[in-house]
Every structure is written in structure tokens, then in C-alpha cells.
Amino acid sequence: MGYPMAGHLQRAGHTVTVYNRTAAKAQQWASEYGGSAAATPAQAVRDADIVAACVGNDDDLRSIVLGEHGAFAGMKADAVFVDHTTASADVARELYAAAREKGLHFVDAPVSGGEAGAKNGVLTIMCGGDAPAFERVRATLGAYGRAVTRIGEAGAGQLAKMVNQICIAGLVQGLSEAINFGQRAGLDMPLVLDVINKGAAASWQMDNRGQTMIDGKFDFGFAVDWMRKDLGLCLAEAQRNGVSLPVTALVDQFYGDVQALGGSRWDTSSLIHRLRVLSGKA
């Protein structure tokens, strides 16, 4: 995700220095886009007005932000750190507080749109943090975001992303069941999806994953492993808030079944494969 996002910034005319925990990837990016690479986060952010990060989880984020060689150690006063990681609201609030203590700003800004959205520069970006800091970065984030919106205070971006993932989980399971049902009934499912996609059942998932689910193709970037991580964040937050997420919890278990079937790196639309296995039609 971060690789093409940084590329859009460079192409938009910004001076970009990158850091990656795999140094060869940073060097490859610099060769491809013409920016530069640094050996540590602290070195990469030196003199930057805006710092953007996209890693895997809470611990990954802390590892590049905190400590002697972390980003906060190298950022100049009043700079803004924008975090595109899908992480917990708790870590967003933690790092927001740590940033303010150092005279820095922190905006949690998880994204939706997947690898294709990052490559095409059309991500949806949900932001939490102070309004003035958000306004300073909004135009810059437009280099790879078609919708950049402040949801509320620190952590609100992460909570909005949880809402997004809860919606997706239910939609993909429903679409999987519908396609599997239709195929078992002997229907021409490409035709059926074309028809119902003009009505109330229409969705991004149907538009972009309906045919590939029919074809049993699941190589589209956002892996089941990552979806389970995201749903785990949703379920943990729900437990703290006393909210019931029965469908989300069930779909999370179904993704666990997909992992057991060898689909850890398959796209999230692979839920249909589980149904086909259960029906003996995989």
C-alpha cells in the first residue's frame, strides 16, 4: 500500500524520502520514483513538514514511531505525522498524546480501497485528530485519496475504519452465499449479477468481485490474514464498548476456516471457496 502511495506524492511534486523495514524495498522505490531512501525512520523524517506511514499493526507502528531511531525522535517541531495503518483506536490516542508532548501533531488516517485504490490514487481516507492538523495535510493526502475526511478527534479515523470492515465482512459473506446458491440452482450467475446489480442489491463488492468469485479467482491484494487482523480490532473494540457484533464474529470464524484451507493470502472474497468446500463443489 505505502509503495504506490509514496509514488503518488513524488509524482505530485513533493520531495519524498522513504523508509522501509526491508531496506531493499526502499532502495527499489527510490530507483523507480526518483526520491531517496533512509536507513531509519528518524533519518527519513528529518526536515519533513508531513510524515506518512503505512505498516501492519499496533506493534509495527510503535516500532517505527517511538524510540531513539523512531520517527518522533527525528521530526522537527510542529510537523504532522499521518498514520495510514489500520490499527486500534487506543494506539492512535496513545501516539497522539506522545506527539503532543513533543510539540508534534498526529492524525490517524486509515484507508479503504485496497491495493488497487492505492495504485490508482483513489483511496478513501478516514481521519481522526485535531482539525488544524488535518487541514494542513488534507490537500497533500489528495495525491492518493479521492475522499479525505476528518471524522473526529484522535482515534475516530480508526473507529470509522472498523465500521467499514464490519460492513465489508457482512457484504462479502452475503454475496458468497448468493452466488453459491445461484450456481447450485443452475442459474447463469453472470447474468443474474448483471440484473440485480441494477437494483437494491448493488454494491462495490458485487461490481468488483462478483465475477471473480464466480470464477474462483482470489488474488487481489487484501489478504484474509489482514482481514482477520482488522476484524479482531473490531471485536476487541466492541467488547470494550459493550456492543454485539454477532455477524462479524461469525464471518471472522469463516475467515479462520479459509485460513485452514490454505487461503491465508487469498483475497477476502475467498469466503465463497469455503461454501464450495462444504457443498463438495470446490
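The rules we used
Residues numbered from 1 in each chain as written. Predicted model: local features only at pLDDT ≥ 70, side-chain atom pairs only at ≥ 80, totals over all residues. Heavy atoms only, no water. UniProt positions renumbered as here; feature names shortened; annotations may be inferred. Helix = DSSP H or I, 4+ residues; strand = E, 2+ residues; numbered from the N terminus. Disulfide = S-S within 2.5 Å. Buried < 20%, exposed > 50% of the residue type's maximum accessible area, 1.4 Å probe, protein only. Phe/Tyr/Trp six-rings, centres within 6.5 Å; stacked < 30°, edge-to-face > 60°. Axes fitted to C-alpha atoms, helices over the stretch in contact; angles between N-to-C directions. Left-handed = near helix turned anticlockwise from the far one by under 90°. Contact = heavy atoms within 4.5 Å. Nonpolar A, V, L, I, M, F, W, Y, C, P; charged D, E, K, R; others polar. Pairing = 2+ DSSP bridges. Right-handed = clockwise from strand over helix to strand, strands pointing away.

### Focus on the UniProt feature "domain: 3-hydroxyisobutyrate dehydrogenase-like NAD-binding" (unreviewed entry) in the protein chain
Inference 1: Sequence positions flagged by UniProt for "domain: 3-hydroxyisobutyrate dehydrogenase-like NAD-binding" (unreviewed entry) are, in local numbering, residues 155-273.
Inference 2: Span residues 155-273 is 71% helix and 0% strand, its end C-alpha atoms 35 Å apart.

### Things to note about the state of the cysteines
Inference 1: The final tally for this structure, using the stated rule, is zero disulfides.
Inference 2: Cys234 provides the cysteine sulfur closest to Cys167, a residue in no disulfide bond, and the two sulfurs are 9.7 Å apart.
Inference 3: The class for Cys167 is partly exposed, based on a relative accessible area of 44%.

### A look at the packing of aromatic side chains
Aromatic ring pairs are defined here through the distance separating the ring centres and the angle between the ring planes.
Inference 1: Counting across every chain of the model gives five aromatic pairs.
Inference 2: Measuring from ring centre to ring centre gives 5.6 Å for Phe81 and Phe106, while their planes differ by 5°; the resulting arrangement is stacked. One end of the pair, Phe81, is in strand β4 (residues 80-83); the other, Phe106, is in strand β5 (residues 105-108), and 25 residues separate them in sequence. Summarising the burial analysis for this pair, Phe81 and Phe106 share the class buried.
Inference 3: When the ring of Phe218 is compared with that of Trp266, the centres are 5.8 Å apart and the planes differ by 40°; the resulting orientation is tilted. Note that Phe218 is positioned in the loop between α11 (204-215) and α12 (224-241) and Trp266 in the loop between α13 (246-260) and α14 (271-278), a separation of 48 residues in sequence.
Inference 4: Residue classification places Trp266 among the partly exposed positions, given a relative accessible area of 26%.
Inference 5: Linked through ring pairs, Tyr3, Trp29 and Tyr33 together constitute an aromatic cluster.

### What to know about the UniProt feature "domain: 6-phosphogluconate dehydrogenase NADP-binding" (unreviewed entry) in the protein chain
Inference 1: Mapped onto the present numbering, the UniProt feature "domain: 6-phosphogluconate dehydrogenase NADP-binding" (unreviewed entry) falls at residues 1-152.
Inference 2: Taken end to end, residues 1-152 has its terminal C-alpha atoms 24 Å apart, with 45% of it in helix and 21% in strand.

### Structural notes on the packing of helix α1 (residues 2-11) against helix α2 (residues 23-33)
Inference 1: Contact pair α1 / α2: the axes reach a minimum separation of 11 Å and the direction vectors enclose 35°. α1 and α2 meet at a crossing whose hand is right-handed. From α1, Tyr3, Pro4, Ala6, Gly7, Gln10 and Arg11 reach across to α2, where they touch Lys25, Gln28, Trp29, Glu32 and Tyr33.
Inference 2: Split into classes, the residues belonging to the contact of α1 with α2 amount to five nonpolar, three polar and three charged.

### Notes on the pairing of strand β7 (residues 123-128)
Inference 1: For β7, the buried fraction is high: five of the six residues fall into the buried class.
Inference 2: The sheet contact formed by strand β6 (residues 111-112) and β7 spans two bridges and is antiparallel. Counterpart to Val111 in the pairing with β7 is Ile125.
Inference 3: Of the strand pairs in this sheet, β7 and strand β8 (residues 145-152) are connected by six bridges, and their pairing is parallel. Across the sheet, Met126 pairs through a bridge with Thr149, a residue of β8.
Inference 4: Taking the sense of rotation as the criterion, the β-α-β connection linking β7, helix α8 (residues 131-141) and β8 turns out right-handed.

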